[in-house]
Amino acid sequence: MAEVSTIYFVGAGPGDPELITVKGKKLLEEADVVVYAGSLVKEKILGYCRKGVEIHNSASMDLEEITGIMVKAAREGRRVVRLHTGDTAFYSALNEQASVLEREGMAYGVVPGVSSASASAASLGRELTMPEVSQTVIVTRIAGRTPVPEAEKLSSLASHGATMCIFLSVDKIERVVEELSVGYPPDTPAAVVYRASWEDERVLTGTLGDIAARVKEAGITRQAIIMVGRSLAGDGKKSKLYDKEFKHGYRK
Ligand code: SAH
């Protein structure tokens, strides 16, 4: 009997097929069975797969069907890749799939990817943390069909004035702005990146006060990250890392 194989969850990156990790690409090239999150993973990335690979789009499947395919194939000794968009750490439904595998006694590995939050910051040409401006990034979303714990309401998080990356919420941009306005002044830099790293990427920049109108005008309702915070302006204090007066382990 063939040996049971290890199942790999792989972060595909934000869309550009060159933004998968070397490790993720290698696993895709070697895979016998690939189950990809078809609603978001850009299909071009499946071009890395061997000829004859068995490919499943999970968009219309439920949890049981997805894990059923993975478990069966791995028990047959076939190499299985479960491909998620961006990074596996954010909004990937990894935990619920992993617990099924654990219950079934199946081994799995996780290969992270470039999150669309990182890709969106890159498209803006910005880092999200700046000395004395903000040293904190909040990754969050507004409540939709998936509820958000009360303590994590945008209006509460807004009180910190930190940089925020808001997933899964661009269709509710007006509500997002309303809740953020509890903590951020209207002239706070804001941006929306639609399909970061895709050929049809769009970057909208503005302020908390005008970003909702810009989004409406552009007709963006999905596949976008909202970013807010003073770090996006890019001016402000320099980091200690490259400060002439600042000595550290690599520069005495
Ligand atoms: N695990 C993914 C997030 C999946 S949830 C990651 O780390 O990026 C899906 C949400 O991610 C979308 O609603 C959108 O907010 C964001 N998203 C995914 N791909 C994107 C892209 N290329 N550009 C901008 N936002 C993206």
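The structure this text deals with has already been given above.
Here is what the cut-offs are and how they apply
Residues numbered from 1 in each chain as written. Predicted model: local features only at pLDDT ≥ 70, side-chain atom pairs only at ≥ 80, totals over all residues. Heavy atoms only, no water. Helix = DSSP H or I, 4+ residues; strand = E, 2+ residues; numbered from the N terminus. Buried < 20%, exposed > 50% of the residue type's maximum accessible area, 1.4 Å probe, protein only. Lys, Arg positive; Asp, Glu negative; His and termini not counted. Salt bridge = Lys/Arg side-chain N within 4 Å of Asp/Glu carboxyl O. Contact = heavy atoms within 4.5 Å. Core = buried A, V, L, I, M, F, W, Y, C linked by side-chain atoms within 4.5 Å. Pairing = 2+ DSSP bridges. Axes fitted to C-alpha atoms, helices over the stretch in contact; angles between N-to-C directions.

Colleague: Run through the environment of Phe 90, naming residues and quoting values.
Modeller: When you line up the elements, Phe 90 lands in the loop between β4 (80-84) and α3 (94-103). On the basis of relative accessibility, which here comes to 30%, the residue Phe 90 falls in the partly exposed class. In the structure, Phe 90 is positioned 49 residues away from Val 139 in sequence and 8.5 Å away in space, judged by C-alpha atoms.

Colleague: Mind laying out the side chain of Arg 141, listing which residues take part and the relevant values?
Modeller: Among the secondary structure elements, Arg 141 is positioned in strand β6 (residues 137-141). Notably, Arg 141 is buried but unbridged: the nearest opposite-charge side chain belongs to Asp 171, and the N-O separation is 7.2 Å. Other than its neighbours up to four places away in sequence, Arg 141 contacts Tyr 91, Thr 146, Val 148, Leu 154, Ile 166, Phe 167, Leu 168 and Ser 169.

Colleague: How would you summarise the nonpolar core if you had to cite specific residues and measurements?
Modeller: Ranked by internal contacts, the top residues of the largest apolar core, which has 27 residues, are Leu 180 and Val 192. Sorting the residues of this core by element identifies α5 (154-157), β7 (163-167), α6 (173-180), β8 (189-194), α7 (211-218) and β10 (224-228) as the ones contributing at least two each. Not counting residues within four places of it along the chain, the set of residues in contact with Val 192 comprises Val 170, Ile 173, Arg 202, Val 203, Leu 204, Ile 211, Val 215, Ala 224, Ile 225 and Ile 226. Counting residues in each nonpolar core, the second largest holds 17 residues, with Ala 12, Tyr 36, Cys 49 and Val 111 among its members.

Colleague: Would you mind going over the sheet that holds β10 in detail, with residue names and values included?
Modeller: Strand order in the open sheet formed by five strands is β6-β7-β10-β8-β9, with mixed pairing between adjacent strands. This sheet does not close on itself; its edge strands, each paired only once, are β6 and β9 (202-207). Adjacent strand axes in the sheet meet at a mean angle of 20°, parallel and antiparallel pairs treated alike. Where β8 and β10 come together, five bridges link them in antiparallel fashion. Bridging across to β10, Val 193 finds its partner in Ile 225. Relative to β10, helix α4 (residues 116-124) is tilted by about 65°, and along the sheet it contacts β7, β8, β9 and β10.

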